[in-house]
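A structural walkthrough
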2 protein chains.
Amino acid sequence: MSTSSRCAACRHLRRRCPSDCIFAPYFPANDPHRFACVHKIYGSSKVGNMLQDLPVELRAEAADAICIEAECRVQDPVYGCVRMISLLQQQIHNAESQLVKARAEIAVLGSHAQELRHHGQDI
Amino acid sequence: MSTSSRCAACRHLRRRCPSDCIFAPYFPANDPHRFACVHKIYGSSKVGNMLQDLPVELRAEAADAICIEAECRVQDPVYGCVRMISLLQQQIHNAESQLVKARAEIAVLGSHAQELRHHGQDI
């Protein structure tokens, strides 16, 4: 493979991109930031091994997930994507609290409507 | 530091645990699995650097988050903790859909109650 068609990983690692490069399908040359993040957080050898250990058909999704995690950790070196998990858990807690309140309101309105209906019948 | 008081990281790496060990405060000897996971996913040198680059007071929380991410990836080598993010996003979507329905129901019940009240006044 010529130098100009090296993948982002091989460019970053300043090496020849072999025809069976484990990174090439998931780290295209036009997105150097993607590989730079995973390299900084996991190192190329760990990422290569993680992909290699998976069946080919699962590698693209694994590479995407690994990139998300690495980008989160580059942006937030303390919490990484665990911060997103905490924020989402908080958001679920809020939505569920509102749902409990809304259901209580429905129960009150429902019984109120029933009372009014009985009252109407009494008149 | 004697061999018996080595931290989980130094035991795993079969090395002497120095008195200023970067791992010791966050990887106690009684939880070897915790270090084994981060070692498998990030490697000890990356984890050491990630902790070293942070102010001391943030390292414990960073070590916990790094462990969560590593344990998720060991359990789920394709999606890691990104699967949890997807599940939580789905859960929020469901809770919010139910909330929209509940609010619509409240609006219907409210206007229905008002009609019944007017109807009662008419009689």
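These numbers come from a predicted model, not from an experiment. Counting starts from 1 at the beginning of each chain's written sequence and moves along it residue by residue. Chain A is the first chain written and ligand 1 is the first ligand written, with later ones labelled in order. Totals for whole chains, interfaces and linings use all residues, but because this is a predicted model, local features are given only for residues with pLDDT of at least 70 and pairs of side-chain atoms are given and counted only at 80 or more. The side-chain quantities take in all heavy atoms of the structure and omit both hydrogens and water.

1. Examining the nonpolar core
As a reminder, the rule being used: Joining through side-chain atoms within 4.5 Å is the link that ties buried Ala, Val, Leu, Ile, Met, Phe, Trp, Tyr and Cys residues into a set, and such a set is a nonpolar core. Accessible area is worked out with a 1.4 Å probe on protein chains only. A residue is then buried under 20% of its type maximum, exposed over 50%, and partly exposed in between. Each helix is a run of H or I in the DSSP string that is no shorter than four residues. Each strand is a run of E no shorter than two, and both are numbered from the N terminus. Whether two residues touch is decided by their heavy atoms; if any such pair falls within 4.5 Å, the residues are in contact.
Within the largest apolar cluster, 50 residues are counted, with the highest numbers of intra-cluster contacts made by Phe23, Phe27 and Tyr42 of chain A together with Phe23, Phe27 and Tyr42 of chain B. For this core, the secondary structure elements donating two or more residues are helix H1 (8-12), helix H2 (32-41), helix H3 (44-52) and helix H4 (56-75) of chain A together with helix H1 (8-12), helix H2 (32-41), helix H3 (44-52) and helix H4 (56-75) of chain B. Excluding residues that lie within four positions of it along the chain, Phe27 of chain B makes contacts with Cys7, Ala8, Ala9, Arg34, Phe35, Val38, Val47, Leu51 and Cys67 of chain B. Cys72, Leu88 and Ile92 of chain A together with Leu88 of chain B belong to the second largest nonpolar core, which has ten residues in total.

2. A short note on the UniProt feature "domain: LOB" (unreviewed entry) in chain A
The line we're drawing: UniProt positions are given in the numbering used here, feature names are shortened, and annotations may be inferred rather than shown by experiment.
UniProt's entry tags residues 5-106 of chain A with the feature "domain: LOB" (unreviewed entry), counted in the numbering of this structure. The span residues 5-106 of chain A is 68% helical and 0% strand by assignment, and the distance between its end C-alpha atoms comes to 63 Å.

3. Some words on the interface of chain A and chain B
What counts is decided by this rule: Buried area: the sum, over both parts, of the accessible surface (1.4 Å probe) that disappears when the two are put together. Salt bridges are defined by distance alone: a side-chain nitrogen of Lys or Arg within 4 Å of a carboxyl oxygen of Asp or Glu. Under the rule applied, a polar contact is a pair of N or O atoms within 3.5 Å (in protein, one hydrogen donor and one hydrogen acceptor; residues adjacent in sequence only if both atoms are side-chain atoms).
The interface is formed by 43 residues belonging to chain A together with 43 residues belonging to chain B. Buried area between chain A and chain B, both sides added, is near 3900 Å², and the carbon and sulfur share of it is 72%. The largest per-residue losses of area from chain A upon contact with chain B belong to Glu69, Val78 and Ile106 of chain A, which jointly make up 13% of the total buried on that side. In this structure, Arg73 of chain B engages Glu69 of chain A in a salt bridge whose closest nitrogen and oxygen atoms are separated by 2.9 Å. For the interface between chain A and chain B, the tally reads twelve residue pairs in polar contact (both at pLDDT 80 or more). Secondary structure elements with two or more residues in the side of chain A that touches chain B: H2, H3, H4 and helix H5 (82-122) of chain A. Here the side of chain A that touches chain B gets 21 residues from one element, more than from any other, and that element is H5 of chain A.

4. Points about the domain arrangement of chain A
Let me state the cut-off plainly: The source of the domain bounds is an automatic or database domain assignment.
What the domain assignment lists for chain A is domain 1 (1-75) and domain 2 (81-122). Taking only C-alpha atoms, the centre of domain 1 of chain A and the centre of domain 2 of chain A are 47 Å apart.

5. Points about the confidence of the model for chain A
Residues and elements named next belong to chain A. The condition is simple: For every residue, the pLDDT score states the predictor's confidence, bounded by 0 at the bottom and 100 at the top.
Looking at chain A, pLDDT values average 92 and 93% of them are 70 or higher. Looking over chain A, one finds the lowest element-wise mean pLDDT in H5, namely 88, and the highest in H4, namely 97. Interface scoring of the predicted complex returns ipTM 0.83; its pTM is 0.84.

6. Digging into the packing of aromatic side chains
Heads up, the rule is: Planes of paired rings set the category: under 30 degrees apart is stacked, over 60 is edge-to-face and the rest tilted, where pairs are Phe, Tyr or Trp rings (Trp by its six-membered ring) whose centres lie within 6.5 Å. Two thresholds decide whether a charge sits over a ring: the Lys NZ or Arg CZ must be within 6 Å of the ring centre and within 35 degrees of the ring normal.
Within the structure shown, the criterion is met by seven aromatic pairs over all chains. Ring geometry for Tyr42 of chain A versus Tyr42 of chain B: centroids 5.1 Å apart, planes at 5°, classification stacked. Here the residue Tyr42 of chain A occupies a position in the loop between H2 and H3, and Tyr42 of chain B occupies one in the loop between H2 and H3, the pair thus bridging two chains. Judged by its relative accessible area of 2%, Tyr42 of chain A is buried. Ring geometry for Phe23 of chain B against Phe27 of chain B: centres 6.1 Å apart, planes inclined by 65°, an arrangement best described as edge-to-face. One aromatic cluster is present, formed by Phe23, Phe27 and Phe35 of chain A through successive ring pairs. Sitting above the plane of the Phe27 of chain A ring, Arg34 of chain A keeps its charged end 5.2 Å from the centroid.

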